[in-house]
Amino acid sequence: MNILITGGAGFIGSHVATFHLERGDEVVAVDDLSTGNPANVEAFKSHPRFRFVHADLLAWPGLAGAAKVADRIYHLAAVVGMFRVLKDPVRITKVNVGATEALLEAVATSGHLPQVVIASSSSVYGRSEAKELGEEDDVVFTPHDGGLTGYGLSKLVNEIQAHAYRESFGLPVAVARLFNAAGPRQTGTYGFVVPRFVDEAVKGKPLTVYGDGRQTRSFCDVRDTVAALDLLAGCRAAYGVPVNVGTTREISILDLAKLVIERTGSNSEITFVPFDEAYGAHFEHIMRRRPVVRRLQELTGFRPRFTLENTIDDLVSSHRPAPLHAHA
Ligand code: UDP
């Protein structure tokens, strides 16, 4: 298969590349390296079936040609990471909405029908504090100019774009609502909590829990995320409907900090940082995010292979010290 990965030097994108190279496919990874990192694809840079293109999707002259020859496209290029999202709100719509439109249009005019996977996000649920989040549930947004709202809405627009191109052009588009992927090669530079805690624990620095640490998340090992994306891409019944991708184990951020300290054997302490200090005054915090994964299981038979303990251990082994913003 010919695989095109947008955001291919990013955390998830580089794992998609590994997955398909191991399977014997040809892989083209395009990335503007805004948050992607060449080090993520260093290991297979000279692989005969891998090609890296350093380009902004919105200005890449090769996009139409790449769409013509791809059998499958993973669209992962986006402005991601809480610090990044808050810092650059203009790029949220420009990149997240604009690049998705450019990609879908290139596919629609390519004369063939590659499978397309659009990466959506649990942030489409907005401020919903439901115990579990199901694909048919209402989403909750309040009028606010903060980056988080913009990010969640940009991902919701991506879902609408995918649906529209499915309806109008019959594109085989799967929409994956990703819940907190974590694992090897992830960097804490842009805010993601698991690699930040690992970095702090490994360096013996205090683990900085934002708020009181009672907020919860359900983390999914990136290798499971990638396996689910592969299953969704090939699943005809999944096209055009959003599908939650994640695990149902819910953990508070304080318990996550304790778990990271335990797994790393670190002497680090835990400190608490108010949300407004971490993210700025108008930040709207999300207290819980746990997916209902019935749709994913019924459509694809997906079952996660990695526990959160596996994820932390493997992240520790692959740990690269990263510059930490904010409270580093
Ligand atoms: N968080 C934290 N310390 C950090 C980074 C994040 O306590 O150094 C918290 C953050 O406030 C949120 C949770 O961890 O409640 C997950 O944050 P992340 O940015 O990884 O994902 P998201 O908030 O998008 O789910």
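First, a word on scope: everything that follows refers to the structure included in this document. Just so you know, these numbers come straight off a predicted model, no measurement behind them.

Conventions adopted
- Residues numbered from 1 in each chain as written.
- Predicted model: local features only at pLDDT ≥ 70, side-chain atom pairs only at ≥ 80, totals over all residues.
- Heavy atoms only, no water.
- Phe/Tyr/Trp six-rings, centres within 6.5 Å; stacked < 30°, edge-to-face > 60°.
- Buried < 20%, exposed > 50% of the residue type's maximum accessible area, 1.4 Å probe, protein only.
- Helix = DSSP H or I, 4+ residues; strand = E, 2+ residues; numbered from the N terminus.
- Contact = heavy atoms within 4.5 Å.
- Near = heavy atom within 4 Å.
- Polar contact = N/O pair within 3.5 Å; in protein donor to acceptor, adjacent residues only side chain to side chain.
- Areas by Shrake-Rupley, 256 points an atom, 1.4 Å probe, with all protein chains shown as cover.
- Nonpolar A, V, L, I, M, F, W, Y, C, P; charged D, E, K, R; others polar.
- Axes fitted to C-alpha atoms, helices over the stretch in contact; angles between N-to-C directions.
- Parallel < 35°, antiparallel > 145°, perpendicular 65-115°, else oblique.
- Left-handed = near helix turned anticlockwise from the far one by under 90°.
- Core = buried A, V, L, I, M, F, W, Y, C linked by side-chain atoms within 4.5 Å.

A word on the packing of aromatic side chains
Stage number 1. Scanning the entire structure with this criterion turns up five aromatic pairs.
Stage number 2. Consider the rings of Phe44 and Phe50, whose centres lie 5.0 Å apart with planes at 80°: the pair is edge-to-face.
Stage number 3. Phe44 sits in the buried class, given a relative accessible area of 7%.
Stage number 4. On the numbers, 6.0 Å between centres and 45° between planes, the contact of Tyr125 with Phe179 is tilted. Separated by 54 residues along the polypeptide, Tyr125 in the loop between strand E5 (115–121) and helix H6 (147–169) and Phe179 in the loop between strand E6 (173–178) and strand E7 (181–182) bring together distant segments of the chain. For the pair shown, Tyr125 and Phe179 are each scored as buried.
Stage number 5. Taken together, the ring pairs in this structure connect Phe83, Tyr210 and Tyr279 into an aromatic cluster.

Let's talk about the side chain of Asp230
Stage number 1. Mapping Asp230 onto the fold places it in helix H8 (residues 222–233).
Stage number 2. Asp230 has contacts with Phe19, His20, Arg23, Arg72 and Tyr74, leaving out every residue within four places of it along the chain.

Quick word on the site of the ligand
Stage number 1. With respect to spatial proximity, 17 residues lie near the ligand, and among them Val193, Thr208, Tyr210, Arg217 and Arg289 are the closest.
Stage number 2. Separating an oxygen atom of the ligand from a side-chain N or O atom of Arg217 is a distance of 2.6 Å.
Stage number 3. For the ligand, whose free accessible area comes to 520 Å², the fraction covered by protein is 94%.
Stage number 4. Going through the elements one at a time, helix H7 (193–203), strand E8 (207–210) and helix H10 (275–279) are the ones with two or more residues in the shell around the ligand.
Stage number 5. Taken together, the residues of the shell around the ligand sort by class into nine nonpolar, five polar and three charged.

Concerning the packing of helix H9 (residues 253–264) against helix H12 (residues 308–317)
Stage number 1. Axis separation between H9 and H12 bottoms out at 10 Å; the angle between their running directions is 55°. Looking at the two axes, H9 sits oblique to H12. By crossing handedness, the relation of H9 to H12 is classed as right-handed. Of the residues in H12, those in contact with Leu256, Leu259, Val260, Arg263 and Thr264 of H9 are Leu308, Glu309, Ile312, Asp313 and Val316.
Stage number 2. For the contact of H9 with H12, the residue count by class is six nonpolar, one polar and three charged.

Thoughts on the nonpolar core
Stage number 1. Membership of the largest hydrophobic core comes to 35 residues, with the highest contact counts inside it found for Ile12 and Leu229.
Stage number 2. Within the residue set of this core, elements represented by two or more residues are strand E1 (2–6), helix H1 (11–22), strand E2 (26–31), E5, E6, H8 and strand E11 (242–245).
Stage number 3. In terms of residue count, H8 provides more of this core than any other element does, seven residues in total.
Stage number 4. Setting aside anything within four residues of it in sequence, one finds Leu229 in contact with Ile12, Val16, Tyr74, Leu76, Val117, Ala176 and Leu178.
Stage number 5. If you look at the next biggest cluster of nonpolar residues, it comprises 25 residues, including Leu63, Leu103, Val116 and Val173.

Function cannot be inferred from these measures alone, as they are strictly geometric.
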